[in-house]
Amino acid sequence: MADQWQEAYDFAVQVARAAGAVIRKAGEEEIKVQTKSCTVDLVTKTDERVEKIIIGSLKEQFGEGTHSFIGEESVSKGQPCILTDKPTWIIDPVDGTTNFVHGFPFVAVSIAFAVNKEIEFGVVYSCMEDKMYKARKGQGAFCDDEPIQVSDVKDIHKSIIICEHGTDRSPETVQKIFSTQKKILCIPVHGLRGSGTAATNMCLVACGAVEAFFEIGIHCWDIAAGAVIVREAGGLLLDVDGGPFDVMSRRMVSGNNMVIVNRIIKEIEIFDTVRDDAPIVKK
Ligand SMILES: O=P(O)(O)O[C@H]1[C@H](O)[C@@H](O)[C@H](O)[C@@H](O)[C@@H]1O
Ligand SMILES: [Mg+2]
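Residues numbered from 1 in each chain as written. Chains lettered and ligands numbered in written order. Predicted model: local features only at pLDDT ≥ 70, side-chain atom pairs only at ≥ 80, totals over all residues. Heavy atoms only, no water.

Caption draft 1: Region of interest: the pattern of salt bridges. Tallying each qualifying case throughout the model produces 21 salt bridges. In this structure, the salt-bridge partner of lysine 36 is glutamate 73, at a minimum N-O distance of 2.9 Å. Of this pair, lysine 36 sits in the loop between β1 (33–35) and β2 (42–44) while glutamate 73 sits in helix α3 (residues 72–76), and the two are 37 residues apart along the sequence. Overall, lysine 36 belongs to the partly exposed group, its relative accessible area being 27%. (Salt bridge = Lys/Arg side-chain N within 4 Å of Asp/Glu carboxyl O. Helix = DSSP H or I, 4+ residues; strand = E, 2+ residues; numbered from the N terminus. Buried < 20%, exposed > 50% of the residue type's maximum accessible area, 1.4 Å probe, protein only.)

Caption draft 2: Looking closely at the coordination of the magnesium ion (ligand 2). Distances from the magnesium ion (ligand 2) to its protein donors, namely Glu72 (OE), Asp92 (OD) and Val94 (O), fall within the range 2.0 to 2.4 Å. Here the donor residues for the magnesium ion (ligand 2) map to a single chain with the spacing E-x19-D-x1-V. Here glutamate 72, found in helix α3, pairs with valine 94, found in strand β4 (residues 88–95); they are 22 residues apart in sequence, far enough to count as distant. As far as burial versus exposure is concerned, glutamate 72 and valine 94 are alike and both buried. (Donors = N, O, S within 2.8 Å, 3.2 Å for Na, K, Ca; no water.)

Caption draft 3: Up close: the pairing of β4. Of all eight residues in β4, eight are buried; the element is thus mostly enclosed. Bridge count for strand β3 (residues 68–71) against β4 is four bridges, and the pairing is parallel. By the bridge assignment, isoleucine 70 is partnered in β4 with isoleucine 90. In this structure, β4 lies alongside strand β5 (residues 108–115), joined through six bridges in antiparallel fashion. (Pairing = 2+ DSSP bridges.)

Honestly, that's just the spatial picture; any functional story needs more than this.
Following this line, the structure appears as structure tokens:
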């Protein structure tokens, strides 16, 4: 049977690369910053413009109405965030917006494609580094067309773990984040790191630069593409409580093997988040 998603996969790579060029160019000009859920949850005209370019290109290529779209900036403007069985693009136009605003050189375009709620392929273009990560279910993971693989480290004492601080600055949440980080650091591990973009963090797991990345508070658009890239690089994903990974749950652990992932899960202090697909409560 003809491979029906190969064309979409190839096109997604082209769209991500073109979107990355727009981000790089915009980064050379003055950036007007706005905020969304709180004062440290930043958004710029570039986030909105790049999402429009990506969705517009996909609709032009595949027709209006045939596919569904979940985009970070469309959802923040009230579009539904429900993953159905329909072919669905899950898009973060600028992952690492805070980095983009500050000129911190880790900014990614993240494009995933799901069918029947299964992520078929994912593309993460780290546009300041000019690195194109991609993976298709069952066909391996690549960085700039070179195969990538997770680390073979099994000893937690010889690992680097990525954790992020997110945007929730409530004292009780920050306390849980720091307490978790302290417990992991004092195992001890070789180090804690964070690029500031979940999609890039997952690619760092996939290429073996770090052993695991976990976060509570991310969204489906931050991690959907990275999830298939990690899996196809030989890694795995779980919920932070050890249950099955759920791309809409706003929490996950991604890692190179079960030994490392389970060791990290033991230390995570979980705090509540609202699912991406939770019913919107009218204010
Ligand atoms: O840059 P965005 O798309 O908003 O996503 C990041 C989020 O803002 C941060 O709070 C998280 O810690 C990162 O992991 C996300 O990539
Ligand atoms: Mg974003």
